[in-house]
Amino acid sequence: MFNFKWQHKSGCIATFFLTILAFGYSASNDGRIVSIKANDGNLDFLLDSATKDVRLIEMQPYQQYNASQKYITLSQGTGQDTITVERFKYGRDLIYSKFALIDTNTHCMLGGYRYVTDIKEPINGISNLPRPKSIKGLSCIVDIDDAIELGVKYVHENIYINELVDADNDQQEAVYEFAGEKIPLNMKAVRKLDFRLQRFTQAGIAVFGVFLNEMPKERKPGDPLLHPNSDVEGSPTHLGAFNVTSAEGLKYYLATLEFLADRYTRQDAKYGLISSVIIGNEIQQHWTWYNMGDVPEQKAIQDYLIALRLGWLALQKYHSDLRVYVSMDHHWTKRGPRMNELREIPGDVLLKSISVQAKAEGDFPWNVAFHPYPENLFEPRFWLDRSATNDFSTQRITFKNIEVLPQFMKQPEMLYRDRIRDITLTEQGFHSPDAPDGEKVQAAAYAYAYYKISRIPEISAFILHRHTDHKDEGGLKLG
């Protein structure tokens, strides 16, 4: 940890604490926002700054405090330990804002940033969403009847923000109102999703929605869905980061998530149900699967954490049991196949960093969606993996050493309110080698993996990838 001082134009002496695990700064330990709770009409702030004259300011998630800039002041005074403000102000819902206490005399920020961490009275209720006891799951389902016959209880469905938003169509069939604006919807895509979710829900299958952002082949000026640093031309998959760096980007991101949460957690399950949402795909390999250009790992994590936290807030606004997950591949202390610091993040660094900063700004129940593919994707016999060892310094976590992951998440610093976060295996499969016993080896790998996971109570689902072989899987035969 570093400790240095910076002289502000206003005369404020701010002490910065920089670590490789967290961003932000604090001018003083005397004074901070302890918690923020949202109810139907207000935000309730609990403070520990009774001895100071302070201002409570509102900021956008992508902003960093600068004493020379102006911010909306929600309250000001001395000797306060609680503050209540209107939740719906300035034409928007303030649950998506971040907040800070400012010393009125020095203009220094007291403590750090803080977000809402509790939402009472969600719009669609607090009843339990589908979470079957069986761990059996399947991804990329092409025949729903077949999946039902197989006894599948969990599925993951890719949901693309760019397919739901119909921004280029001047004759939209429907819109979703958010913060006083009308977000155009592609109802053809919505109805397709309705059909699949209805079938799954009727069959007692719980759905993990994987929320993704498919980038265009060419950059369009002013595209609100496109992260400004995404490398459209260089991205190998054209899957990009969500744009949470501007007011316009946030509007589309939050509106789409609110639409999904509103439509797919109804008490009558009219359109089907979603139980969980995974934000992005395999964040360690962000260059490939969550492209935001070349970026230092802590900046990449900080940006992703905004999307993760705001995603949780949007989901919780509608249903208290709608969970949010971080998506991870099997690399752990190994950065990735290219060992590129600007494009890959070690898995343990990702989780530790999210935990540290989330707690500093107000902890929330994010969970882990892990992909423990074998060390070599073309070798299904994961028990031969050499880089998967039974300790926290392992290069990879595969089915060979999958027990390491729940042990890591049981550490006190990784818990949420003294409980382990949910772990699900939402995408992993076994190749069928081109050999006479190829399908037997594939079947043996699945049977052994399933046996192991069924005896690890901290892992709630095992979603096999995939239902059938696919021509764009780089030669893998996973079906």
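Residues numbered from 1 in each chain as written. Predicted model: local features only at pLDDT ≥ 70, side-chain atom pairs only at ≥ 80, totals over all residues. Heavy atoms only, no water.

Participant: Explain the confidence of the model for the chain here, please?
Facilitator: Should the pLDDT be low somewhere, the predicted coordinates at that spot are not to be read in detail. In this model, the chain carries a mean pLDDT of 93, and residues with pLDDT of at least 70 account for 93%. Counting contacts from residues 1-11, a segment whose pLDDT is below 50, to residues more than four positions away or on other chains yields 28 contacts. Contacts from residues 13-29, a stretch scored under 50 in pLDDT, to residues over four places away or in other chains number 53 contacts. (pLDDT = per-residue confidence, 0-100. Contact = heavy atoms within 4.5 Å.)

Participant: Explain unusual backbone geometry here, please?
Facilitator: Both trends apply: most residues other than glycine have a negative phi, and most peptide bonds are in trans. H465 connects to R466 through a cis peptide bond whose omega is 15°. Take R466: it is sitting in the segment after strand 22 (459-464). Not every positive phi belongs to a glycine, and E282 is a case in point at roughly 45°. When you line up the elements, E282 lands in the loop between strand 18 (276-279) and helix 5 (286-289). Accessibility expressed as a relative area gives 9% for E282, which makes it buried. (Helix = DSSP H or I, 4+ residues; strand = E, 2+ residues; numbered from the N terminus. Buried < 20%, exposed > 50% of the residue type's maximum accessible area, 1.4 Å probe, protein only.)

Participant: Any chance you could explain the packing of helix 6 (residues 297-316) against helix 7 (residues 347-361) here in plain terms?
Facilitator: The axes of two packed helices give the description: the angle between them and the distance between them. Contact pair helix 6 / helix 7: the axes reach a minimum separation of 10 Å and the direction vectors enclose 60°. On the basis of the axis angle, helix 6 is oblique to helix 7. Judged by the twist between their axes, the crossing of helix 6 over helix 7 is right-handed. Of the residues in helix 7, those touching helix 6 at E297, Q298, I301, Q302, Y304, L305, L308 and R309 are V349, L350, S353, I354, Q357, A358 and E361. Of the residues contributing to the contact of helix 6 with helix 7, the split by class is eight nonpolar, four polar and three charged. (Axes fitted to C-alpha atoms, helices over the stretch in contact; angles between N-to-C directions. Parallel < 35°, antiparallel > 145°, perpendicular 65-115°, else oblique. Left-handed = near helix turned anticlockwise from the far one by under 90°. Nonpolar A, V, L, I, M, F, W, Y, C, P; charged D, E, K, R; others polar.)

Participant: Looking at this structure, I do not really get the sheet that holds strand 3 (residues 33-38). What am I missing?
Facilitator: Neighbouring strands of a sheet are bound in pairs by backbone hydrogen bonds; such pairs are parallel or else antiparallel. Strand order across the open sheet formed by four strands is 7-4-3-12, with mixed pairing between neighbours. The sheet is open, and its two edges are formed by strand 7 (82-86) and strand 12 (118-119), each paired on a single side. By the bridge criterion, five bridges tie strand 4 (residues 42-47) to strand 7 in an arrangement that is antiparallel. Bridging from a neighbouring strand, L43 pairs with V85 of strand 7. (Pairing = 2+ DSSP bridges.)

Participant: Got a minute to help me understand helix 6 in this structure?
Facilitator: For the α-helix, the turn length of 3.6 residues means that residues three or four positions removed from each other point alike. Taking 1.5 Å of rise per residue, the 20 residues of helix 6 would be expected to cover 28 Å, and the 28 Å separating its terminal C-alpha atoms lies within 8% of that figure. For helix 6, the tally of buried residues reaches 19 of 20 residues, placing the bulk of the element in the interior. (Expected span 1.5 Å × (residues − 1).)

Participant: Looking at this model, I keep getting lost on the pattern of salt bridges. Mind explaining?
Facilitator: Opposite charge on two side chains allows them to pair when their charged atoms are near. Per the counting criterion, the structure on display carries 29 salt bridges. Between E403 and K452 there is a salt bridge whose closest N-O contact spans 3.2 Å. Highlighted residues: E403 in the loop between strand 20 (366-370) and helix 8 (404-409) and K452 in helix 9 (residues 438-454), separated in sequence by 49 residues. Where E473 meets R466, a salt bridge forms, and the shortest distance between an N and an O atom there is 3.3 Å. Among the ionic contacts, a cluster of salt bridges with common partners joins R87, D93, E258 and K317. (Salt bridge = Lys/Arg side-chain N within 4 Å of Asp/Glu carboxyl O.)

Participant: Teacher, can you tell me more about the nonpolar core here?
Facilitator: Soluble globular proteins tend to pack their nonpolar side chains together in the buried interior. Formed by 114 residues in total, the largest nonpolar core has its most connected members in L43, F45, Y253, L308 and W366. For this core, the element with the most residues is helix 6, which contributes twelve residues. Residues contacting F45, with those up to four places away along its chain left out, are I33, S35, I36, L56, D81, T82, I83, V85 and F99. Y160, F208, V210 and Y325 belong to the second-largest nonpolar core, a separate cluster that totals twelve residues. (Core = buried A, V, L, I, M, F, W, Y, C linked by side-chain atoms within 4.5 Å.)

Participant: I'm lost on the environment of E403 in this one. Help?
Facilitator: Overall, E403 belongs to the partly exposed group, its relative accessible area being 33%. The spatial distance from the C-alpha of E403 to the C-alpha of F178 is 43 Å, given a sequence separation of 225 residues. If we ignore the near neighbours within four places in the chain, the residues touching E403 are K452 and I456.

Participant: Please explain the layout of surface pockets as it appears in this structure.
Facilitator: In this approach the atoms are scanned with a rolling probe the size of a water molecule, which exposes any empty space left behind. Counted as a void, the second largest pocket has a volume near 570 Å³. Looking at the second largest pocket, it is lined by 21 residues, and the ones nearest its centre are R323, P365, N367, Y416 and R419. Going through the elements one at a time, strand 12, helix 6, strand 19 (323-328) and strand 20 are the ones with two or more residues in the lining of the second largest pocket. A class-by-class count of the residues in the lining of the second largest pocket yields nine nonpolar, four polar and eight charged. (1 Å grid on protein atoms, 1.4 Å probe; cavity = no way out; pocket = protein on both sides within 12 Å on 5 of 7 lines; lining within 4 Å. Points joined across faces, edges and corners; volume = space filled by probe spheres on them.)

Participant: What's the story with the sheet that holds strand 11 (residues 109-114) in this structure? I'm lost.
Facilitator: The sheet built from four strands is open, its strands ordered 6-5-10-11 with antiparallel pairing. Two strands close off the open sheet at either side, each with one partner strand: strand 6 (72-78) and strand 11. Each adjacent strand pair in this sheet contributes to an overall mean axis angle of 15°, direction not counted. The pairing of strand 10 (residues 98-103) with strand 11 spans three bridges and is classified as antiparallel. The partner of I102 across the bridge, within strand 11, is M109.

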